[in-house]
Amino acid sequence: MTKELEDLINEMEEGSVRALARLITMIENREKGWLEVMKAIFPNTGRAHVIGITGPPGAGKSTLTDTLTCELIARDLSVGVIAVDPSSPFSGGALLGDRVRMKEISTMKGVFVRSMATRGAMGGLSLAVRDVIKVLDAFGKDIILIETVGVGQDEVDVVKTADAVMVVCVPGMGDNIQAIKAGIMEIADIFVVNKADREGSERAVLDIRLMLNMSTEKGSLNIPILKTVATKGEGIAELVTNLFEVLESQERETSWREERIREELMSLLDKAIAHHVHVKLGRNSKLDTAVKQVLARERDPYSIVQEMVASFVH
Amino acid sequence: MEQDRNIRVLMAKPGLDGHERGARVLAYGLRDEGFEVIYTGLRQTPDQIAAAVIQEDVDVVGLSILSGAHLAMAGKVIEKLKGQRVKDVLVLVGGVIPEEDIPKLKEMGVAGVFTSGASIKEIAEFIRSHVS
């Protein structure tokens, strides 16, 4: 590791926000040296609790994150926030607007907010977010909140890595509750009906309860459904109490932690192997030959891949 | 347009200025040019802007000012950034800026000033050529 990098890590561990932000960029971009950073900080991780916040656009996730963070800070906990927004598949650019709703916490002592674009890399997002969580953890954050719309496998994977998951909805969504069902419902530890001062909040609670009653998942009957009004801070204390209960119960389950590490190792392995294959293929002309063969319909792509895999393994 | 590295831009509206159409149009435009744009919304204090610049580790900060307070506001933001040892961020100012104030802004450390009529392409090119 270079002296520069070592200094940066030391600065971060001593509490420099700038060094923390710089390291996050490096890890997010997979810049040269990022693996060294991860290896160096790993021993200092494992203390923070990670909470996933997900739900449809407009449910008030960012505002809830803002109010929730205020409550956590008031309880003497330091908080890191990762706000995920989608990248445009066309331009590769992104508009990250979560800070607009996080004005309260933007300069609050003990809070660090970082916006991340999905960057469209298959399976890459969840790995990058996991690594950023580790840096925030090593920095000394007690609680890390990850906010994401939770659409698509990548974002669901992100939420899955959290110690506790809250799904935020609003009254009057009707069929939207059906939309939550797919993929996210199964991993919710807490449901939040935000904007509960609006008409139909009781109905929304009942809809969710009904949905949970029909579920075959173990323990789904015990999942709390809470009402909040994030803009007024209503119901936030109760939400924190419930979140802590979930975190405490999860802590006991070693098998759950093992499963998560197994998943992470498999993802890292997948990425590393894919990278290795890409580099190897990039260097020889086998791929070009194969493309021509398939184009001319001399050979089928399946046996070519089988052959290539065999050559990698040996 | 794809670029090798994702350039991150913070768009901020400092002070008591409620006109954000321009900032929004530019935020969308720069997204379509392939930048990662972090939009912070209206009425930001220099402290909030500096904190966001640092936490988000952006390459560029764009200040949109239509209130006439551009000299005071840009000055304060730059001062806050310097106070926190941030030197490698490209500071841009956009909005209603009288011709004679442009040299003053540049002297403070503003890299580029874009008034009405500036195209998104022009701003995008400026950013690309100034961010290594």
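This one's a predicted model, so the numbers in the text were calculated from it and none came from an experiment. Within any chain, residue numbers begin from 1 and follow the written order of that chain's sequence. Lettering for chains starts from A, numbering for ligands starts from 1, and both go in the order in which the items are written. Under the rules for a predicted model, residues below a pLDDT of 70 receive no local features and side-chain atom pairs below 80 are neither given nor counted, while totals for whole chains, interfaces and linings still include all residues. Excluding hydrogens and water, the side-chain values take into account all heavy atoms of the structure.

Peer 1: A description of the overall build of chain A should follow, citing residues and the corresponding values.
Peer 2: Helix and strand assignments come from DSSP, with helices taken as H or I runs of at least 4 residues and strands as E runs of at least 2, each series counted from the N terminus. Within chain A one finds twelve helices and eight strands. With the C-alpha coordinates aligned to their principal axes, the bounding extent of chain A is approximately 65 × 50 × 40 Å. For every residue, the accessible area obtained with a 1.4 Å probe (protein chains only) is divided by the maximum for its type, and the residue is called buried under 20%, exposed over 50%, and partly exposed between those limits. The buried share among the 314 residues of chain A stands at 49%. For chain A, the exposed surface amounts to about 15,900 Å²; the carbon and sulfur share of it is 55%. Neither His nor the chain termini are counted; the positive set is Lys and Arg, and the negative set is Asp and Glu. A single reference atom marks each charge: NZ on Lys, CZ on Arg, CG on Asp, CD on Glu. Where the 38 positive side-chain charges of chain A centre and where its 46 negative ones centre are 4 Å apart. Each accessible area value is a Shrake-Rupley result obtained with a 1.4 Å probe; residue values ignore everything except the protein chains displayed when judging cover.

Peer 1: For the packing of aromatic side chains, give the residues involved together with the corresponding values.
Peer 2: Only centres within 6.5 Å qualify two rings of Phe, Tyr or Trp (six-membered ring in Trp) as a pair; their planes then separate them into stacked at under 30 degrees, edge-to-face at over 60, and tilted for everything else. Per the counting criterion, the structure on display carries one aromatic pair over all chains. Ring plane angle 85° and centroid distance 5.3 Å describe the contact between Phe114(B) and Phe126(B), whose orientation is recorded as edge-to-face. Here the residue Phe114(B) occupies a position in strand β5 (residues 112–115), and Phe126(B) occupies one in helix α5 (residues 120–130), the gap between them amounting to twelve residues. Given a relative accessible area of 11%, Phe114(B) falls into the buried group. Given the relative accessible area of 18%, Phe126(B) is considered buried. Distance and angle both matter: a charge sits over a ring if NZ of Lys or CZ of Arg is within 6 Å of the ring centre and within 35 degrees of the ring normal. The ring of Trp34(A) carries Arg30(A) above its face, with NZ or CZ at 3.7 Å from the centroid.

Peer 1: Outline the pairing of strand β2 (residues 79–85) of chain A, listing residues and values.
Peer 2: Side-chain direction in a regular strand flips from residue to residue, so the side chains alternate between the two faces of the sheet. Residue and element names in this part refer to chain A. Most of β2 sits out of view: seven of its seven residues are buried. When DSSP finds at least two bridges between two strands, those strands are taken to pair. With seven bridges connecting them, β2 and strand β4 (residues 111–117) associate as parallel partners. From the neighbouring strand, Val81 faces β4, where its bridge partner is Val113. Note: β2 against strand β5 (residues 143–148), five bridges, orientation parallel. Pairing of Val81 across the sheet is with Leu145, part of β5.

Peer 1: A description of a nonpolar patch on the surface should follow, citing residues and the corresponding values.
Peer 2: Nonpolar side chains collect at one region of the surface, where Met266(A), Leu269(A) and Ile273(A) lie side by side and expose about 290 Å² of accessible area between them. One can find Ile273(A) in helix α10 (residues 254–283). Every patch collects residues that have over 30% relative accessible area and no salt bridge, joining them within 9 Å if they carry like charges and within 5 Å if they are nonpolar side chains (Val, Leu, Ile, Met, Phe, Trp, Tyr). The salt bridge criterion pairs a side-chain nitrogen of Lys or Arg with a carboxyl oxygen of Asp or Glu, the two atoms within 4 Å.

Peer 1: Describe the confidence of the model for chain B, listing the residues and the values that go with them.
Peer 2: The predictor's confidence in any single residue is recorded as pLDDT, a number from 0 to 100. Chain-level statistics for chain B give a pLDDT mean of 89 and a share of 97% at 70 or above. Within chain B, the element-level pLDDT minimum falls on helix α3 (residues 70–83) of chain B, averaging 90, and the maximum on strand β1 (residues 8–12) of chain B, averaging 95.

Peer 1: Describe the nonpolar core, with residues and values.
Peer 2: All names here are of chain A. The biggest cluster of nonpolar side chains holds 52 residues, and the ones touching the most others in it are Met12, Ile82, Val129 and Phe191. Take this core: its biggest share by element is nine residues, from helix α5 (residues 124–139). Domain delimitation in this document rests on an assignment produced automatically or drawn from a domain database. Viewed by domain, this core spans two of them, domain 1 (1–43) and domain 2 (45–252), each represented by three or more residues. The set of buried Ala, Val, Leu, Ile, Met, Phe, Trp, Tyr and Cys residues whose side-chain atoms join them within 4.5 Å is what this entry labels a nonpolar core. Counting residues in hydrophobic clusters, the runner-up holds 30 residues, among them Val81, Val192, Ala230 and Val240.

Peer 1: Kindly report on the interface of chain A and chain B, identifying the contributing residues and their values.
Peer 2: Only heavy atoms matter for contacts: two residues are in contact if any of them lie within 4.5 Å across the pair. Counting residues at the interface gives 26 residues for chain A, matched by 31 residues for chain B. Summing both sides of the interface, chain A and chain B together bury roughly 2,400 Å²; the carbon and sulfur share of this comes to 47%. At the junction of chain A with chain B, the criterion picks out five salt bridges. A salt bridge links Arg22(A) to Asp57(B); the shortest N-O distance between them is 3.6 Å. The definition of a polar contact used here is a pair of N or O atoms within 3.5 Å, where within protein one atom must be able to donate a hydrogen and the other to accept one, and adjacent residues in sequence count solely through side-chain atom pairs. Between the two partners, chain A and chain B, sit 18 residue pairs in polar contact (both at pLDDT 80 or more). Of all the secondary-structure elements, those providing two or more residues to the side of chain A that touches chain B are α2 (17–28), β3 (94–96) and β4 of chain A. In short, buried area is how much 1.4 Å probe accessible area vanishes from two parts on joining, totalled over both.

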